[in-house]
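Coordinate inspection notes
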Amino acid sequence: EEHGLAPGRAALATGCYHVGGTLGGLIMSLLLDRFGVIVIAILFVLAAPLVAAIGQPGLPFGVLASLVGLSGFCVLGAQFGNNATAGLLYPTAIRSQGVGWAFAVGRFGSIVGPLAGAALVAMKLPLKLLFLAPAAPMLVGAVGAAWLARLCFVRFRGLQLDDAPA
């Protein structure tokens, strides 16, 4: 309501997130192949201020929709990148178990995130603070992705993923 969006415009802005996410996922595959896993950390770093900016009151609809689309590109692109790299970062002997655990932790986050968001909304926080809260996990994701890049560098002697035995 602080943005004063009609329901149709709100739905359009929400759709921008998923369009951006789809493009992020597609482009992520190209970026991962060319630059390696560091791209995931970069997308998380870019996502934090984009997500936080969505909550700024008084944004024109075009700016808001662009921020939402770019947020989707970065957040979902990074998530797709994590999913794509999970199978290659674990040694073959424990790959299925490692990927299973990685996806389980992601599912846990997809349950806890909306619960935390609902709790923040129930606290009647201003819109600006509601979008600062999800920006923080993006920075945590950036640190985690940088750590994965380090693991990749140690295992594969570079940032490119390779399925060769370690």
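Structure's up top.
Residues numbered from 1 in each chain as written. Predicted model: local features only at pLDDT ≥ 70, side-chain atom pairs only at ≥ 80, totals over all residues. Heavy atoms only, no water.

1. Description of the overall build of the protein
Formally: Here a helix means four or more residues in a row that DSSP labels H or I, a strand means two or more in a row labelled E, and each is numbered from the N terminus. Each residue is placed in one exposure class: buried if its accessible area under a 1.4 Å probe, protein chains only, is under 20% of its type's maximum, exposed if it is over 50%, and partly exposed if it falls in between. Throughout, a contact is declared for two residues whenever any of their heavy atoms are within 4.5 Å. Using a 1.4 Å probe, accessible areas were evaluated by the Shrake-Rupley method; residue-level cover was limited to the displayed protein chains.
Assigned secondary structure in the protein consists of six helices and zero strands. Going residue by residue from the N terminus, the α and β elements of the protein occur as α-α-α-α-α-α. In the protein, which comprises 166 residues, the proportion classed as buried is 33%. Restricting the contact set of the protein to residue pairs at least 6 apart, pairs at least 24 apart contribute 76%. When the accessible surface of the protein is totalled, it reaches about 9,800 Å², and 73% of it is carbon and sulfur.

2. A few points about helix H2 (residues 38-54)
For clarity, the cut-off: Multiplying 1.5 Å by the helix residue count minus one yields the expected span of that helix. Bend, in this description, refers to the angle at a residue between axes fitted to the seven residues ending there and the seven starting there.
A rise of 1.5 Å per residue sets the reference length of H2, with its 17 residues, at 24 Å; its end C-alpha atoms lie 25 Å apart and thus fit the reference within 8%. Within H2, the axis deviates most sharply at Ala47, by approximately 25°, and proline Pro49 lies no more than four positions further along. Buried within H2 we find Val39, Ile40, Ala41, Leu43, Phe44, Ala47, Ala48, Leu50, Val51, Ala52 and Ile54. On its buried face, H2 is in contact with helix H1 (7-35), helix H3 (61-89), helix H5 (127-132) and helix H6 (135-156).

3. A closer look at the packing of H1 against H2
A pair of packed helices is captured by two measures, namely the crossing angle of their axes and the spacing between those axes. Let me state the cut-off plainly: As a rule, the C-alpha atoms of each element are fitted with a line to give its axis, helices using only the stretch in contact, and angles between N-to-C directions run from 0 to 180 degrees. Put simply, angles under 35 degrees are roughly parallel, angles over 145 are roughly antiparallel, angles from 65 to 115 are roughly perpendicular, and the rest are oblique. Three residue categories are used. Nonpolar comprises Ala, Val, Leu, Ile, Met, Phe, Trp, Tyr, Cys and Pro, charged comprises Asp, Glu, Lys and Arg, and polar comprises the others, including Gly.
Close contact between H1 and H2 brings their axes to 8 Å; oriented N to C, the two are set at 130°. With respect to their mutual orientation, H1 and H2 come out oblique. Residues Met28, Leu31, Leu32 and Phe35 of H1 touch H2, and the partners they reach there are Ile38, Val39, Ile40 and Leu43. Residue composition of the contact of H1 with H2, by class: eight nonpolar, no polar and no charged.

4. A short note on the environment of Phe61
Relative to the helices and strands, Phe61 is located in helix H3. The contacts of Phe61, once residues within four sequence positions are left out, are Leu5, Arg9, Leu12 and Ala13.

5. Digging into the packing of aromatic side chains
In plain terms, the rule: Only centres within 6.5 Å qualify two rings of Phe, Tyr or Trp (six-membered ring in Trp) as a pair; their planes then separate them into stacked at under 30 degrees, edge-to-face at over 60, and tilted for everything else. Two thresholds decide whether a charge sits over a ring: the Lys NZ or Arg CZ must be within 6 Å of the ring centre and within 35 degrees of the ring normal.
Per the stated rule, a full pass over the model turns up zero aromatic pairs. Seen from the ring of Phe61, Arg9 lies directly overhead, with NZ or CZ sitting 4.3 Å from the centre.

6. A word on the side chain of Ser71
Note the following rule: Any pair of N or O atoms that falls within 3.5 Å is considered a polar contact. Within protein, one atom must be able to donate a hydrogen and the other to accept it, and sequence-neighbouring residues count only if both atoms are side-chain atoms.
Inspection of the secondary structure assignment puts Ser71 in helix H3. The exposure class assigned to Ser71 is buried, which follows from its relative accessible area of 1%. Polar contacts involving the side chain of Ser71 include one to the main-chain carbonyl oxygen of Leu67, which spans 2.8 Å. Contacts of Ser71, omitting those with residues within four sequence positions, involve Tyr17, Leu50, Val51, Ile54 and Leu76.

7. Observations regarding unusual backbone geometry
Despite not being glycine, Lys124 has its phi angle at roughly 60°, a positive value. Among the structural elements, Lys124 can be located in the loop between helix H4 (95-122) and H5. Looking at Lys124, the relative accessible area reads 72%, which means it is exposed.

8. Some details on the packing of H2 against H6
Viewed as axis vectors pointing N to C, H2 and H6 meet at an angle of 170°, and their least axial separation amounts to 8 Å. By the criterion of interaxial angle, the relationship of H2 to H6 is roughly antiparallel. Seen from H2, the contacting residues are Ile38, Ile40, Ala41, Phe44, Val45, Ala47, Ala48, Val51 and Ala52; seen from H6, they are Ala135, Met138, Leu139, Gly141, Ala142, Ala145, Ala146 and Ala149. Looking at the contact of H2 with H6, its residues break down into 16 nonpolar, one polar and no charged.

Remember that the coordinates give geometry; whether it matters functionally is a separate question.
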